Amino acid sequence: MANKEQIIQTLSRPNVLDEECKKAFDKYDPQKTGTIPVQEFGKMADQLSKMAGVREATEDEKKKMQETVAKFSTDGKMNQEQFKGLLKVVIDQILAALK
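All values reported here derive from a predicted model rather than from experimental measurement.

1. Some details on helix 2 (residues 16-27)
The terminal C-alpha atoms of helix 2, which comprises 12 residues, lie 16 Å apart, in line with the 16 Å expected from a rise of 1.5 Å per residue. Turning to helix 2, its buried residues are Val16, Leu17, Glu20, Cys21, Ala24 and Phe25. Within helix 2, the buried residues cover an arc of 130 degrees as seen down the axis, which keeps them to one side.

2. Details of the pattern of salt bridges
Pairing of side chains with opposite charge becomes possible as their charged atoms draw close. Applying the stated criterion to the full structure yields 2 salt bridges. The residue Lys22 makes a salt bridge to Asp26 at a minimum N-O spacing of 2.7 Å. Within this pair, Lys22 and its partner Asp26 are both found in helix 2, separated by 4 residues, close to a single helical turn.

Criteria and cut-off values
Residues numbered from 1 in each chain as written. Predicted model: local features only at pLDDT ≥ 70, side-chain atom pairs only at ≥ 80, totals over all residues. Heavy atoms only, no water. Helix = DSSP H or I, 4+ residues; strand = E, 2+ residues; numbered from the N terminus. Expected span 1.5 Å × (residues − 1). Buried < 20%, exposed > 50% of the residue type's maximum accessible area, 1.4 Å probe, protein only. Arc of directions from axis to C-beta. Salt bridge = Lys/Arg side-chain N within 4 Å of Asp/Glu carboxyl O.

Pasting the structure below:
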């Protein structure tokens, strides 16, 4: 597992949001429809946690994330821009918790 400074450095890189967003989104949009079901966000959060070297979210945390995701999407699906907006919120929360 990465140390606190490594996590902060990784998540603070200027292009990390764009790079990781695209990787995660593409993984869960294999048919390239341009949308992913909001239920997939918990799996994506786990993937990003592994990349950052932090623990995976608990089931309760995933449920709260899905509730937050629902605020970003009214049709149960999320496009890449919606996903990027949500991911920015999650990364900002992680960084705030680490500082």
